[in-house]
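Working through the structure, step by step
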Amino acid sequence: MSEKSVGVQEVTRSLADILQEKGIPISFQYGKAPEEMVDREVKREPTPRAKKLRDLYFNTYSSVDLEFPYWYTRKYMELDNEVPIVRRALALKHAFSHLSPSIYPGELLVMGKAHYYRGSFPMPWLSESFYVAKEDELYQEALKRGSASAGELSKFGSGGGNVTKSFGNVVSIAGKFGIRSEEVPALLKLAKQWVGKSVEDLGHKYEMMVPEYDLKEKLMRSLICMFDSGFTLPQGREVINYYYPLQYGFDGLIEICKQRKAEVAGKADGDGITGMDRLYYYDAVIHVIEGLQAWILNYAKEARRLVSVTDDPVQKKEYEEIAETLEWIAHYQPRTFREALQLTYTLHIAVLNEDAISGMSPGRLGQVLWPWYEQDMEAGRITKEKVLELLECHRVKFTCIDCFASMGVVGGVLSGNTFNNLSMGGLTKDGDPASNDLEKLILDSAMSLQSPQPTLSVLYDEKLPEDFLLKAIECVKTGTGYPAWMNNQIGIQFLLSQYGPEGMTLPEARAIAIGGCLETSPCSWHQLTLNGKKYWIPGGAGQPTSVGVHFIANPKILECVIFNGYDHRIKEQIFPPHNRKLETYEELWEVYKQYYEMAVDALCKCNNIQHDIWRKNNMTIINSFLKPDCLEKGRHIGQLGYRYNATFNVESCGTINMVNSLAALKKLVYDEKKYTLDEMREAILENFGFKTAHEVGSFSLFSQVKKPGGEKYDKIHSDCLLANKYGNDDPYVDSILREYEDWFCDMCHKFESLYAKPLYACQISVSTHGPQGAATLATPDGRLAGTTYADGSMSAYPGTDRNGPYALFNSATVWDHAKSQNSQMNLKIHPSAVKGIEGSRKLLELTRAYMRRGAFHIQYNIVDSKILKDAQAHPENYRDLLIRVAGFTQYWVELGKQIQDEVIARTEYEEV
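This is a predicted model, so every value here is computed, not measured.

A few points about the overall build of the protein
Counting its regular elements, the protein contains 37 helices and 25 strands. Taking 912 residues into account, the globule formula puts the C-alpha radius of gyration at 29 Å, and the protein, at 27 Å, falls close to it. Seen through its C-alpha atoms, the protein measures out along the principal axes to roughly 80 × 60 × 60 Å. In the protein, which comprises 912 residues, the share counted as buried stands at 68%. Across the protein, contacts joining residues at least 24 apart in sequence account for 78% of those joining residues at least 6 apart. By element, 52% of the accessible surface of the protein is carried by carbon and sulfur atoms, the whole surface being about 29,100 Å².

Topic: the side chain of Lys477
As for its placement among the helices and strands, Lys477 is situated in helix α21 (residues 466–480). Engagement of the side chain of Lys477 in a polar contact is seen with the side chain of Ser840, the distance being 2.9 Å. Those residues in contact with Lys477 that sit more than four places away from it in its chain are Arg40, Glu41, Val42, Val834, Lys835, Gly836, Ser840, Leu843 and Ile862.

A short note on the pattern of salt bridges
Considering all chains together, one arrives at 58 salt bridges under this definition. Note that Glu519 and Arg237 form a salt bridge whose closest N and O atoms lie 2.1 Å from each other. Here the residue Glu519 occupies a position in strand β13 (residues 519–521), and Arg237 occupies one in strand β7 (residues 235–239), the gap between them amounting to 282 residues. For the pair shown, Glu519 and Arg237 are each scored as buried. The residue Glu686 makes a salt bridge to Lys707 at a minimum N-O spacing of 3.7 Å. With Glu686 in the loop between α29 (677–685) and α30 (693–696) and Lys707 in the loop between α30 and α31 (714–722), this pair connects stretches of sequence that are 21 residues apart. Since its relative accessible area comes to 27%, Lys707 is described here as partly exposed. Through salt bridges with shared partners, a single network forms among Arg44, Asp444, Lys471 and Glu474.

Re the packing of aromatic side chains
Evaluated as defined, the whole model comprises 39 aromatic pairs. Ring geometry for Trp370 against Tyr373: centres 5.4 Å apart, planes inclined by 40 degrees, an arrangement best described as tilted. Note that Trp370 and Tyr373 are positioned in helix α17 (residues 370–379) at a spacing of three residues, about one turn of the helix. Every member of this aromatic cluster is reached through a ring pair, and the members are Phe68, Tyr72, Tyr76, Phe96, Phe121, Trp125, Trp194 and Trp295. Sitting over the ring of Tyr76, Arg87 keeps its end group 3.8 Å from the ring centre.

Side note on the sheet that holds strand β20 (residues 760–763)
Where strands meet in a sheet, backbone hydrogen bonds hold them as pairs that are either parallel or antiparallel. Within the open sheet, the four strands sit side by side as β6-β16-β19-β20. Their pairing is mixed. Because the sheet does not close on itself, it has two edges, and the strands there are β6 (225–227) and β20. Ignoring which end each strand starts from, the neighbouring axes of this sheet average 35 degrees apart. Pairing of strand β16 (residues 548–553) with strand β19 (residues 649–653) involves four bridges; the strand directions are parallel. Considered in β19, the bridge of Ile552 is made with Ser652. Strands in contact with helix α24 (residues 554–562) are β16 and β19; relative to β16, the strand with the most contacts, it is inclined by about 65 degrees.

So, helix α20 (residues 437–448)
In an α-helix, one full turn covers 3.6 residues, which means residues spaced three or four apart are oriented alike. Along its twelve residues, α20 runs 17 Å from first to last C-alpha, staying within 8% of the 16 Å computed at 1.5 Å per residue. By the criterion of burial, α20 is predominantly enclosed, with ten of the twelve residues buried. Leu438, Glu439, Leu441, Ile442, Leu443, Asp444, Ser445, Ala446, Met447 and Ser448 are the residues of α20 that are buried. Taking the backbone nitrogen of Leu438 as reference, a side-chain oxygen 3.0 Å away marks Asn436 as the first, capping residue of α20.

Cut-offs and rules
- Residues numbered from 1 in each chain as written.
- Predicted model: local features only at pLDDT ≥ 70, side-chain atom pairs only at ≥ 80, totals over all residues.
- Heavy atoms only, no water.
- Helix = DSSP H or I, 4+ residues; strand = E, 2+ residues; numbered from the N terminus.
- Rg over C-alpha atoms; globule rule 2.2 N^0.38 Å.
- Buried < 20%, exposed > 50% of the residue type's maximum accessible area, 1.4 Å probe, protein only.
- Contact = heavy atoms within 4.5 Å.
- Areas by Shrake-Rupley, 256 points an atom, 1.4 Å probe, with all protein chains shown as cover.
- Polar contact = N/O pair within 3.5 Å; in protein donor to acceptor, adjacent residues only side chain to side chain.
- Salt bridge = Lys/Arg side-chain N within 4 Å of Asp/Glu carboxyl O.
- Phe/Tyr/Trp six-rings, centres within 6.5 Å; stacked < 30°, edge-to-face > 60°.
- Lys NZ or Arg CZ within 6 Å of the ring centre and 35° of its normal.
- Pairing = 2+ DSSP bridges.
- Axes fitted to C-alpha atoms, helices over the stretch in contact; angles between N-to-C directions.
- Expected span 1.5 Å × (residues − 1).

Quick look at the structure:
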C-alpha cells in the first residue's frame, strides 16, 4: 500500500473506528443482540377497507389547495368596516361554505382539510413571507428576518408523500407541498393582498419597537431560537373539547347564541371593557356554525350525487349511510357511535381549518365517545368488529392531516407530523380508573392499522387494571412508538400548581389529557345526557401551549458564553460581550443564566406582540365556542374566555448535551485544570480535528471523519468524551442537571404572557435537535460540529449511557418533574429483549419503575438498528416503516437525514 493511500485511509477514519482503536467505552449497545436482523414481534393486518385507504395515502403527495384562502380573502377584503370578530366569522363562513367535497370509494368517515386526499393550504393572513419572498422582489426584505434561518438547516425525508423538489408541472413549496405551476400566480396574488396586513407583518412592525428586538433577531439568525410562535402556529399542542356539539347539536348551539344575544344586546353588565363585545361574539359564533353546517351538507349532497351515479349496491348503500349521517349531525346531537365519531372528526378538521395548528389533540376520545359505544353495544346496533373498522378508518383520516407552514417549522420542528394525541387511561372525576373497552379497541386499531396519527398516550396511574396496561404494552411492541407513557399523578401535580390561581381543583385536574407531543394540558368535565342517561366526559379547557418562547438551544447558549457572546458560524455578535475571564465554574454558570434570561426576555416580549396582533385580528371562533367558558361568558380566547389561560411556556432543546458539556468543563478546566478554557475554545473551533457533519453528510457523532492533521486534538477530545456523562447514576453530572432544572423551572415564572400569566418550563425537542444541532459548533462533551443533539430532554446522548436503564432512570429523576409541563425520555429497545408475554411484563415493570421514581414520561422504539440502517440505504423497501422520534411517530422515509442518523445512533438496549 502506498503512502498516499495510507494517508487517504487516515483521513477517512470515522470516530467510531478511532474510539474502538483507543478502547474508549462509548457504545451503541447495552447488552448483546442477535447477529441476524430481528423484526418486530407483534404484527397485525388492518381490515381490507382500511388497508386500501392507507395504501391510497402511501401513493399520494402532500398538495396545496387554494380554495379556502381564496374564499376567505375575498370575503374578508369586502368587509373593511365590520366589527373585527364578525368580519373574521363571515370570512370563515364564506370559506367553509365554498369548499369542494371529495368522497373516496370505501370511506366510512368523510371530509378533510382540502379536496385533495392529503392536502393543506396556506393562511396568508397569518404569514405570507416565506413563499412571497422567494418569488416577489418587492418583498425580498422578508428573507433578512431571523425566522428564515430555521428553513436553511431543516431537511425533509425524500421518500413518501413529501414533494421535496419541483418536478414536471408541480412546484415544491416549503420542501414538502406540491402545487401545480399554473396555480402559483394565484397563490402570489392572494399572498400580496396580505402584505402589511398579516399577523407576521403587523407583528414585525410593532415588535421592532421592543428595545430588545435586535437581540431577538440575532437569536433567530443563530438558531438559538427555532421559530416565532405568534404567527407560525398560534394555536395547537392543546386538547380540543367536543362536548357542546355532542350535547346540543349545531341547531341547539345556534339557539343558545340567539338567546344570549337577546340577553346581552346593548348591556355592559358592569364590564366596561368587554361587556358590549358579547353581542358581536355570539353573532360571530352563529355565522361560523352556519358555515360549518353548509360545509357538512355540501358533503351530504355529494354523497347523494354519488348514490345516483353508482351501480354497485354495496357502495351505493355506503354513500346513502354517509349522506344520512352528515344530514343528521349538521343539525342535531348524534344518535349512534358512528355519528358521534364523524362529528368529532369533523369538529377537529374545522378547528384545523380555522387556524395554523399542529398538535390539536382529541384528548381522551375513548371516554368522550363511551356513551354512544355503550348504548349501541347494549342495543345491538353495532359490533366490536364494526367499531374496529371505523377506528381504523379514523386513523387513516387523521394521518392525512397536513399542516402548512414554512420549511423550518414543518421540517425542522414537526418532521411533517401534526401531533394529534389521543390520551387513554387516567382517572375519572371521582378518582376511579377511567380506562374502558373502547380504549382497548382504540389500541387494537393502532396495532392493525399502523400509522402516525393519531398518536397515543397512556395516562399511567397505579389504579389502572393490568389487562389494559398489558394491551398498551402489546401495542408498543408493534414498534410504532406509541402509546407513550405519562405519569398521571405528576401531571396532576403540575396542573394544580400552574392553574390553581385560576381555580383548578383536584377533581378538575383528573380530567388531564396530553396536547400535542406530550404537553400536560388543562381540561375539564362536562355532564352529557344521552337518551336520559348521564355521563361525565372530559375535554380541553385551556389555551394553546404552542405559544411562548420556542425552542431555546441550550448548547448554543453555552457556546455563546464560551465565546463572549459571539457566534462563529454566522460571524455575528449575538449577546453583548460579557468580557468575563470565566475563571471559575460558578462564574461560567452565572453568565450562562444571564444570557439565557436575556434571550427569554427578548423573545417573550416580541412573541407577546405577535400574539396580541393575532388575538385582535385573527381570534379563534370555532375553538373558542367549543372550549369552556366562552359560550357562558360571551368572550373569545383573546378576551380570556377560556377557563385556563396560563398556558404560555419556554421550550428548551439540547438539555443533556448542555449538562454533559458543563460537566466536562467543570472537570477538565476547573477541577482538574487539565486544560485551559482557551485550549478548549481552540479545540471547539477546530472541531476537535474533525470535518463538520455537513462536509461528511452524516449527522451522527460516530460517523464523523478526521481532517488531515486533526490528531493534534485527539487527547482533549478523548478526555471530553470520557468526562462524566448523564445517564449513569453519577452524582457528579447529575447534580448539574438538578441545579439546572431547579433554576430553569423557576426562571420561567419570571416572565409573563400577554395575558399577564406566568410562563412555565416545557422540555421537549420534537425535531428541533436536528437543525439546532446543525447550527452548533462542537461542544465540550465531545459532540462534533453540526451533529444532532440528544433527543428529548431526559434521553441520554447516544452511546453514553453505559450502566443500563435503571441507572439512566436514577439520573433522570434527580429533580422534581412536576415543576415542568413535561419531560421527555426516549428509549430504544431491541425486539428480542421484550419477546413474548414475559417480555411484555418486563417492559411494563420497566415503565412502572420509572414512573414510581417520579418521572413524567417515557416512550419506546422497539426496533433492531440493523433494520434502520437498511431502511436508510434502501428506503424503497420500507414505505410503511414507522419510528418514534421525539414525542411523535413518523414514517421513516419522510424523516430528514439529521433525524434518521440520530435515531440510528441512540443506545440500543438488548437487555431490560
